[in-house]
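Below are the chains, spelled out letter by letter.
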Amino acid sequence: MALPVKNHLKLLRTERGWSQNALAERLGVSRQTINAIENERCDPSLPLAFQIARVFGLPIESIFDPM
Amino acid sequence: MTPMKLFSPIPRRYLFELGGAMLAYALVLFASIRLLQTGRFEGAAAAAVALLPVLPCLAACWAILRQFRRLDELQMRMQLEALGFSFAGTAMLSFGYGFLEGVGWRPLSMFFVWPVMAGLWLVGGVLAAWRYR
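Rules and cut-offs
- Residues numbered from 1 in each chain as written.
- Chains lettered and ligands numbered in written order.
- Predicted model: local features only at pLDDT ≥ 70, side-chain atom pairs only at ≥ 80, totals over all residues.
- Heavy atoms only, no water.
- Contact = heavy atoms within 4.5 Å.
- Salt bridge = Lys/Arg side-chain N within 4 Å of Asp/Glu carboxyl O.
- Polar contact = N/O pair within 3.5 Å; in protein donor to acceptor, adjacent residues only side chain to side chain.
- Helix = DSSP H or I, 4+ residues; strand = E, 2+ residues; numbered from the N terminus.
- Axes fitted to C-alpha atoms, helices over the stretch in contact; angles between N-to-C directions.
- Parallel < 35°, antiparallel > 145°, perpendicular 65-115°, else oblique.
- Left-handed = near helix turned anticlockwise from the far one by under 90°.
- Nonpolar A, V, L, I, M, F, W, Y, C, P; charged D, E, K, R; others polar.
- 1 Å grid on protein atoms, 1.4 Å probe; cavity = no way out; pocket = protein on both sides within 12 Å on 5 of 7 lines; lining within 4 Å.
- Points joined across faces, edges and corners; volume = space filled by probe spheres on them.

Caption draft 1: Seen up close, the interface of chain A and chain B. Each side of the interface is counted separately: chain A has 14 residues, and chain B has 14 residues. For the pair chain A and chain B, the number of links is zero salt bridges. Inspection of the region where chain A meets chain B yields four residue pairs in polar contact (both at pLDDT 80 or more). At five residues, helix α3 (residues 31-38) of chain A tops the list of elements feeding residues into the side of chain A that touches chain B.

Caption draft 2: Here's a closer look at the packing of helix α5 (residues 73-101) of chain B against helix α6 (residues 113-131) of chain B. All names here are of chain B. Here α5 crosses α6 at 140°, and the two axes come no closer than 7 Å. Of the possible angle classes, the one that applies to α5 and α6 is oblique. Considering only the axes of α5 and α6, their crossing is right-handed. Contacts between α5 and α6 involve Met78, Gln79, Glu81, Ala82, Leu83, Phe85, Ser86, Phe87, Gly89, Thr90 and Leu93 on the former and, on the latter, Val113, Val116, Met117, Leu120, Trp121, Val123, Gly124, Gly125, Leu127, Ala128, Ala129 and Arg131. For the contact of α5 with α6, the class distribution of residues is 15 nonpolar, six polar and two charged.

Caption draft 3: Seen up close, the layout of surface pockets. All names here are of chain B. Computed from the structure, the second largest pocket encloses a volume of approximately 240 Å³. The wall of the second largest pocket is formed by Thr90, Leu93, Ser94, Tyr97, Gly98, Glu101, Leu108, Ser109, Met110, Phe112, Val113 and Val116. Of all elements in the fold, only α5 and α6 reach the threshold of two or more residues within the lining of the second largest pocket. For the lining of the second largest pocket, the element with the highest residue contribution is α5, accounting for six residues. Of the residues that constitute the lining of the second largest pocket, the class distribution is seven nonpolar, four polar and one charged.

Structure representation (structure tokens):
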């Protein structure tokens, strides 16, 4: 069974004043992907989750919380 | 949410590659039809001329596969769901109509299959985009 994962992506992004498009560009993904992750309609792959953590300069577990 | 917001913009490179392939298809199709109309081709030669438009279709396949490789992980998942929907839907509709042909319904051309699949691919794409909006 899949482990539900919560994330603070939207909060972290808006704190930095970045648009979804700007974050998508930094990560090399579509804006739609950022939106879906923020709305928790899908979880990012492990490489993308690490890339997100690197962009925000935070440990991965401070962005994604397994419930 | 507007349809434009639901979908990511189509990359210019893909439009160029697919557009080029479709233009080539239109030209080769036109040439193939004109050649067959001359009545100079029969048997295997006629079949070869009739199949000429399939060659630019290979270029379209190449353009589509290249675009698939450019997709990110969510777009890839959405395409998988859209294609799964159209694959299963086309199977259901084509087999369903095939059974009806068995009880006397008018036989349809094979040309009907792909437009049905493309239409269902589009519907599946909208459903997937809605699901991950």
